[in-house]
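A structural walkthrough
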Amino acid sequence: MYQRLKEFVLSKDRKQQVRISRSLTAAYVFLACIGLQVYACESGFMDPAQAWPLSLVILANILFWYVVLRSGLNLRFSDPALTLPQVAAALTIIVGAYSVTGRIHGSVMMLLALVQVFGIFNMNLRDSRMAGAYTLALMGAAMIYKTATDPANYPYQVEIAHFILIAAILPTISTLAAQLSDMRARLQAQKNELAHALTRIQILATRDELTGLYNRRHMREVMAQHQKRLARSGYHRFCLALVDLDHFKRINDTHGHGIGDEVLKRFAAILQSALRETDVLARWGGEEFLVLMNDTTPEQANMGLERARAALADTPLIPSLPDLEVSFSAGLTAYLDIEPLDVCIERADRALYDAKRQGRHRTIIDLKGPGTDAPPKEAATAH
């Protein structure tokens, strides 16, 4: 019940709730003005004929800003909180109260400082200075007018003292606003730096720096998640393939490690593009890659490897070395839900070793597992 009432009064949007709450909190200043006028009228310091119109203006101002914020009209502006307009309206009303409260008008001055202090937490330095200059000009005009029209209640000697006091206070508040604005800017910059650093740390913790693929550590976490998914569902299937570039040491020795690194990066990109979006590719170490192929059989999984093999045959990895031919061998197997992950990886590794031993540039599928006697076989679509 309380939550529904809160959302009805303050909106469901959390940012809007904060803005409306601040506006209603500032309304206490206006209510203080009304209370002061009531006291002044009861004490004979103020004419009720002047108090009632000002009180109605104050209540209308509170209602106006509430409607603007609650309706969402404020979202059309660069500052959705409308801090400067609200502060300017409050200062105008307070100056009005200062002009009609007669002998107790000095007590209204503290409300000026209160509104300014309220604003500095949300306004930048420029807006704070604008509000201060507006207050000083408006109060100066009101003081000149009242000393001329009501010198009994607004003697110029007292008004000069009031003006000097205001002129001293407002720059102080602007200075505080500058410090707070600078502090907010520095905190935001630090927050952005921390967010960037955290993103960088996350990338370093999960990605291979050269290829941009998942690294070995994170790939183990991914496999563990799929293993748990299988344990929960009972039917989730996936395959693992270990892929190794053929004669990669020869590439490094002949063309240098710079070309070798470029081969690894471009091969990783080709292999990634040949796989499905649901498949996961990681650099397992050196020129070796591990592929997790989700919800498929080994025979179907091999189709992605063959697409990569065809792409390698059609597109030179290094345009400046068109005669550089790159091929890969792969060991492919299905994960069995009754085995540890390392057992499945070892089976794929054995299949990769068989592919290398049988002449490279091929995929060997190993279906052998607990309870089966199926020997490794070369994939039908291998080259």
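Now for a description of the structure that goes with this document. (Residues numbered from 1 in each chain as written. Predicted model: local features only at pLDDT ≥ 70, side-chain atom pairs only at ≥ 80, totals over all residues. Heavy atoms only, no water.)

Examining the overall build of the protein chain
On a plain count of helices and strands, the protein chain comes out with 12 helices and six strands. Against the compact-globule benchmark of 21 Å for 383 residues, the protein chain has a radius of gyration of 38 Å, which places it well outside the compact range. Seen through its C-alpha atoms, the protein chain measures out along the principal axes to roughly 110 × 50 × 30 Å. Split into buried and exposed, the 383 residues of the protein chain put 43% on the buried side. The long-range fraction of contacts in the protein chain, counting pairs at least 24 apart against all pairs at least 6 apart in sequence, stands at 67%. Carbon and sulfur atoms form 61% of the exposed surface of the protein chain, whose accessible area is close to 21000 Å². Looking at charge distribution, the protein chain has the averaged site of its 41 positive side-chain charges lying 6 Å from that of its 37 negative ones. (Helix = DSSP H or I, 4+ residues; strand = E, 2+ residues; numbered from the N terminus. Rg over C-alpha atoms; globule rule 2.2 N^0.38 Å. Buried < 20%, exposed > 50% of the residue type's maximum accessible area, 1.4 Å probe, protein only. Contact = heavy atoms within 4.5 Å. Areas by Shrake-Rupley, 256 points an atom, 1.4 Å probe, with all protein chains shown as cover. Lys, Arg positive; Asp, Glu negative; His and termini not counted. Charge placed at Lys NZ, Arg CZ, Asp CG, Glu CD.)

Here's the deal with the environment of methionine 219
Structurally, methionine 219 is set in helix H8 (residues 216-233). Methionine 219 sits in the buried class, given a relative accessible area of 0%. As a C-alpha pair, methionine 219 and glutamine 3 span 216 residues in sequence and 44 Å in three-dimensional space.

Topic: the side chain of threonine 101
Position of threonine 101 relative to the elements: it lies in the loop between helix H4 (83-100) and helix H5 (109-120). Residue classification places threonine 101 among the buried positions, given a relative accessible area of 1%. There is a polar contact of 2.8 Å between the side chain of threonine 101 and the backbone oxygen of alanine 97. Discounting residues that sit within four places of it in the chain, threonine 101 has contacts with Gln37, Phe45, Met46, Val108 and Tyr154. (Polar contact = N/O pair within 3.5 Å; in protein donor to acceptor, adjacent residues only side chain to side chain.)

Regarding the packing of aromatic side chains
A complete count under the given rule lists five aromatic pairs for this structure. On the basis of an interplanar angle of 75 degrees and a centroid distance of 5.0 Å, the ring pair of phenylalanine 64 and tryptophan 65 is categorised as edge-to-face. Overall, phenylalanine 64 belongs to the partly exposed group, its relative accessible area being 47%. Grouping aromatic residues by their ring pairs yields a cluster made of Phe267, Phe289 and Phe328. Taking NZ or CZ as reference, arginine 309 lies 4.2 Å from the ring centre of phenylalanine 328, over its face. (Phe/Tyr/Trp six-rings, centres within 6.5 Å; stacked < 30°, edge-to-face > 60°. Lys NZ or Arg CZ within 6 Å of the ring centre and 35° of its normal.)

A word on the nonpolar core
Ile58 and Ile94 are the most contacted members of the largest nonpolar core, which has 36 residues in total. Contributions of two or more residues to this core are made by helix H2 (14-42), helix H3 (48-71), H4, H5, helix H6 (125-149) and helix H7 (156-206). Here this core takes 10 residues from H4, the largest share from any one element. Among all residues touching isoleucine 94, those that are not within four sequence positions of it are Val29, Cys33, Val108, Leu111, Leu112 and Val115. Grouped together as the second largest cluster of nonpolar side chains are 31 residues, Val243, Val291, Leu317 and Val326 included. (Core = buried A, V, L, I, M, F, W, Y, C linked by side-chain atoms within 4.5 Å.)

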